[in-house]
Amino acid sequence: MKYDVCIVGSGAGAGPVIYELANAGFKVLVLEKGPWLKTEHFSKDDMTATRRNIYAPALKDEFHVLETKDSEGNWNAVPTHESKRDFWNGSVVGGSSNFMSAYFHRLKPKDFRLQSEYGDIENANITDWPISYDELEPYYAKVESVVGVSGVVVPHKNLEPRSTPDYPFPPLVVNKIADWFVEAGAKKNYNIIPAARGIISVPKGDRRACYLSNYCGSFGCSSDGKGSARAALINDALKTGNVEIRPDSKVFHLETNEKNEIIKAHYYDLVGRKNSVEATLFVVAAQAIETARLLLLSKNPSCPNGLANNSGNVGKNLIFSAVATGSGLIEFNDFSAEKIAEINNPMTFVNRTLLDFYEIDEPESGKKIKGGTIDFLIEHSNPMPKAVRAKKDGERLVYGSEFKKNLLNYFTQKKRIRYEAFTDWIPNNDCFVTLSEEHKDKWGDPVAKVRLGYHDANKIPGEFLSDISKGVFEELGAKNISGGISTGPTVNLQAGGCRFGNDPKNSVLDKNCKSHEVSNLYITDGSFMPTGGSVPFTFTIYANAFRVADKIVERLKKA
Amino acid sequence: MSDSEKKKSLTPKSDRKAPTDMDAFFQWQTNRRSLLKAAIIAGTLSQFSFLQSCDDAIEIEKGNDLLDSNQMTILKSALNILFPDDGNGPSIELLNTLNYILWVLKDSGANPTHQTYLIEGIDWADEIAIEKSGKKYSELDQAERERAIHYYTETEYGKEWCSIMMTLILESLLLDPIYGANINEAGWKWLDHTPGFPQPDESNRYENVLTTARNAYPKSSV
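Predicted model, so just to flag it, every value in this text is computed and none were measured. (Residues numbered from 1 in each chain as written. Chains lettered and ligands numbered in written order. Predicted model: local features only at pLDDT ≥ 70, side-chain atom pairs only at ≥ 80, totals over all residues. Heavy atoms only, no water.)

Novice: Help me get a handle on the overall build of chain A, residues and values and all.
Specialist: A count of helices and strands for chain A gives 13 helices and 23 strands. For chain A, whose C-alpha radius of gyration is 23 Å, the value lies close to the compact-globule estimate of 24 Å for 559 residues. Dimensions of chain A, computed from the C-alpha atoms along their principal axes, are close to 75 × 55 × 50 Å. The 559 residues of chain A split such that 62% are buried. Nonlocal contacts in chain A, meaning residues at least 24 apart in sequence, comprise 73% of its contacts between residues at least 6 apart. For chain A, the distance from the average site of its 69 positive side-chain charges to the average site of its 69 negative ones is 4 Å. (Helix = DSSP H or I, 4+ residues; strand = E, 2+ residues; numbered from the N terminus. Rg over C-alpha atoms; globule rule 2.2 N^0.38 Å. Buried < 20%, exposed > 50% of the residue type's maximum accessible area, 1.4 Å probe, protein only. Contact = heavy atoms within 4.5 Å. Lys, Arg positive; Asp, Glu negative; His and termini not counted. Charge placed at Lys NZ, Arg CZ, Asp CG, Glu CD.)

Novice: So what about the overall build of chain B? Which residues, and what values?
Specialist: Regarding its fold elements, chain B presents 10 helices and zero strands. Order of helices (α) and strands (β) in chain B, N terminus to C terminus: α-α-α-α-α-α-α-α-α-α. When burial is assessed residue by residue, chain B has 49% of its 222 residues classed as buried. For chain B, the share of sequence-separated contacts (at least 6 apart) that also reach a separation of at least 24 residues comes to 58%. Total accessible area computed for chain B in this model is approximately 10500 Å², and 52% of it derives from carbon and sulfur atoms. (Areas by Shrake-Rupley, 256 points an atom, 1.4 Å probe, with all protein chains shown as cover.)

Novice: Any details on the sheet that holds strand E19 (residues 431–440) of chain A? Residues and values, ideally.
Specialist: Residues and elements named next belong to chain A. Read across the open sheet, the four strands follow the order E4-E3-E20-E19; overall the sheet is mixed. Sheet topology places strand E4 (75–79) and E19 at the edges, where each strand pairs with a single neighbour. Adjacent strand axes in the sheet meet at a mean angle of 30° when their direction is disregarded. Sheet topology note: the strand E3 (residues 65–69)/E4 ladder contains five bridges and is antiparallel. Following the sheet pairing, leucine 66 is matched in E4 by valine 78. (Pairing = 2+ DSSP bridges. Axes fitted to C-alpha atoms, helices over the stretch in contact; angles between N-to-C directions.)

Novice: Describe in detail the interface of chain B and chain A, supporting the description with residues and values.
Specialist: Each partner contributes to the interface: chain B provides 57 residues, whereas chain A provides 48 residues. On the chain B side of the interface with chain A, the three residues burying the most area are Leu170(B), Leu191(B) and Tyr217(B), jointly 12% of the side's total. Our count for the contact surface shared by chain B and chain A stands at four salt bridges. Between Lys404(A) and Asp86(B) there is a salt bridge, with its nearest N and O atoms 3.3 Å apart. Inspection of the region where chain B meets chain A yields 19 residue pairs in polar contact (both at pLDDT 80 or more). For the side of chain B that touches chain A, the elements supplying multiple residues, two or more each, are helix H3 (69–82), helix H5 (97–106), helix H7 (142–153), helix H8 (156–174), helix H9 (186–190) and helix H10 (209–215) of chain B. A total of nine residues in the side of chain B that touches chain A trace back to one element, the largest contributor, which is H8(B). Tallied by class, the residues present in the side of chain B that touches chain A amount to 31 nonpolar, 16 polar and 10 charged. (Buried area = accessible area lost by both parts, 1.4 Å probe. Salt bridge = Lys/Arg side-chain N within 4 Å of Asp/Glu carboxyl O. Polar contact = N/O pair within 3.5 Å; in protein donor to acceptor, adjacent residues only side chain to side chain. Nonpolar A, V, L, I, M, F, W, Y, C, P; charged D, E, K, R; others polar.)

Novice: Explain helix H6 (residues 112–133) of chain B residue by residue, including any values.
Specialist: Residues and elements named next belong to chain B. Its 22 residues give H6 an end-to-end C-alpha distance of 31 Å, which sits within 8% of 32 Å, the value for a rise of 1.5 Å per residue. Residue asparagine 111 occupies the N-cap position of H6, its side-chain oxygen lying 2.9 Å from the main-chain nitrogen of threonine 113. The positive-phi residue at the C-terminal boundary of H6 is glycine 134, with phi of around 80°. (Expected span 1.5 Å × (residues − 1).)

Novice: Summarise empty space enclosed by the protein; cite the residues concerned and give the values.
Specialist: Residue and element names in this part refer to chain A. As enumerated under the stated definition, the model contains five cavities of 30 Å³ or more in all. Size it by volume and the largest cavity reaches roughly 160 Å³. If you go around the largest cavity, you meet 17 residues; those closest to its centre are His156, Tyr167, Ile193, Pro194 and Leu355. (1 Å grid on protein atoms, 1.4 Å probe; cavity = no way out; pocket = protein on both sides within 12 Å on 5 of 7 lines; lining within 4 Å. Points joined across faces, edges and corners; volume = space filled by probe spheres on them.)

Novice: Could you give me a rundown of the pattern of salt bridges, with the residues and numbers involved?
Specialist: Residue and element names in this part refer to chain A. This structure, assessed with the given rule, holds 39 salt bridges over all chains. One salt bridge in this structure joins lysine 108 and glutamate 160, with 2.6 Å as the shortest N-O distance. Remark: glutamate 160 occurs in the loop between helix H5 (133–148) and helix H6 (177–187) and lysine 108 occurs in the loop between helix H3 (80–83) and helix H4 (114–118); sequence separation between them is 52 residues. The exposure class assigned to lysine 108 is buried, which follows from its relative accessible area of 7%.

Novice: How would you sum up the side chain of Asp224(A)? Please name residues and give values.
Specialist: Residues and elements named next belong to chain A. Here aspartate 224 shows up in the loop between strand E5 (192–194) and helix H7 (229–238). What makes aspartate 224 buried here is its relative accessible area of 9%. A polar side-chain atom of aspartate 224 sits 2.7 Å from a polar atom in the side chain of threonine 39. Those residues in contact with aspartate 224, other than ones at most four positions away along the chain, are Thr39, Ile200, Arg207, Arg208, Arg230, Ala231 and Asn235.

Novice: Residue-level account of the packing of aromatic side chains, with values.
Specialist: Residue and element names in this part refer to chain A. Applying the stated criterion to the full structure yields 37 aromatic pairs over all chains. With 5.3 Å between their ring centres and 90° between their planes, tyrosine 190 and phenylalanine 357 make a pair best called edge-to-face. Taken together, the residues tyrosine 190 in the loop between H6 and E5 and phenylalanine 357 in the loop between strand E12 (352–354) and strand E13 (359–361) connect sequence positions 167 residues apart. For tyrosine 190, a relative accessible area of 15% translates into the label buried. Among the residues examined, phenylalanine 357 registers a relative accessible area of 15% and is labelled buried. The structure contains a cluster of three or more aromatic residues connected by ring pairs, namely Phe104, Phe112, Trp129, Tyr133, Tyr140, Phe500, Phe528, Phe539 and Tyr542. If you follow arginine 197 out to its NZ or CZ, it ends over the ring of phenylalanine 349, 4.6 Å from the centre. (Phe/Tyr/Trp six-rings, centres within 6.5 Å; stacked < 30°, edge-to-face > 60°. Lys NZ or Arg CZ within 6 Å of the ring centre and 35° of its normal.)

As structure tokens, this is what we get:
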């Protein structure tokens, strides 16, 4: 059978395409590397989700080679099965969207023209997007209604233009500490506002509303309240009868004909047998690193450097989210019993954010530079990460009665609050994907080698936002406040590597995310992003995938 | 040949003495790791019945075929010093920590480095005790054992060994009771922790959930 469209991957970049094509009546085959877990297979089990992490491949079977720079400026490449630095997210149907925290912030109009607005940065590859915010806005609105976004729109100085007055789903219930953040911010003249979440607060179709299990990030959702690609899009698409999902199917080669069109996707099944499928169009959405790797693995006579890579751009300008994180402790003894009664419950949703500093003044020059987003949170509920932290006091291992006393005190007499600040990861020549020349996965194919170069200019907004966050924590009365920038990549926030753009010389995809070189190849995960904005990527990946799906439907209808 | 002699015969002579410096230590560790790791990966450790001691003085935990009686004595003692029964919270006994750790040592999904480190650390601790006091760990009185554990935590290797045990103690305290510890949710109750819902059942515990999911695939996907 020849399918209309074969889609590689099933996460946030694939879900909207699967949904739209199926509803338009086209036959879709989805090849997903991981298993297909349904809603009933997810439980709030720390062992499954975090201790054994079975939603990702075993590192002995599949791994990355990560290149980081040492203090003397040398690049050192270490496979993750040695370093234990796991670089996978979720390899299951629905991808890592099953396990996201789902903070859904839109990009701002200036994010689409970063170079024009803020100018070049030395040793960086900043560029404008080939589309504007206005072109993507209808699709943000579509995600809000189809995937489901809850929240409330309030005015603030960086509020992006909207075609709808508010989010379609009312805000989720939050811990009362959310008000503490707002009050603390107000004392410092910061406008801390509700944050939207890609989680539904009332039922939608077969999906039940969020039931506030408090085990959210890193855990699969048991009500389908979280807007994963699986729960929000693929399940509905399956009802059309136009979609076939093949889980445990690892695509390793895209074969082209003499016209440089893809004719077959070759994949391994669960037991390692090689199979292939034919389709008219192919969509790759395997998350940025694996998407670049698949293209580089797919060398054909017409593209000896890898599929769609005659320009040499595949894998270049990989980006993450540049983050600053920190925490503080609400010590119950520092507050009245009445105040503590307000917040001392299992509820961990806070859903408060600060967007006042999305653009800031560069401290030395005074010129405007990109700032970012600060989300305020309470530490996740699952107990193991909280407890493991308690066994160290600096370099000293704490044990015995002292440890037990500390542990009891930590769980019952305090609450850890956190901030996560997101800023642009500045694209640069030292952040890219290639194929390892020495390391292969369990099937014998070269693994991705990822150089993780960090641009020092990332530090300026990161440190600024970290200081702002700490100031809020102090005002709120927190103790033991700590935090700062991280120069490491966000494993769960990957983008770039196959930029879209108008010039085939310096981009892989055109403005509709179709390959410049391969006429029946589209890429719809975060790979297209030349810059990532100062927010988590998932909302934008969803919106863009809906946009590209419209283009594909249009093309197939014409054909 | 006694059981303990049989076990020692598996270990090269050069490995039997605790190393005196870190370089020598890492070499020693590497040699021993190779042996143990190979056995664990091959799944053959459980067949080495001679690893069990017949010493009636010490009860071997039911089903244990990984550690001899001397190793069990050291492990139990260390766990009870790291997480003592001091009237504050549940004890190692109540949590069933020891049996949980014995399960982890055989669990193919557990961190193999931690598995081998834990077992090798027991022997290392014994050899350090002999080197420092002239007595096997099991011959130390309680105060001496506590001093020994404190000493271990001040060495690089010993701290990591104790840290791994602490993590496993915490797992026995805080993971779902379906994994054989945290009996009657004693750990959660002590810390006033509210677990997430739904909790795992047998079909969804971590070793089974992927098989459960695959058995539920529609025929068109297989």
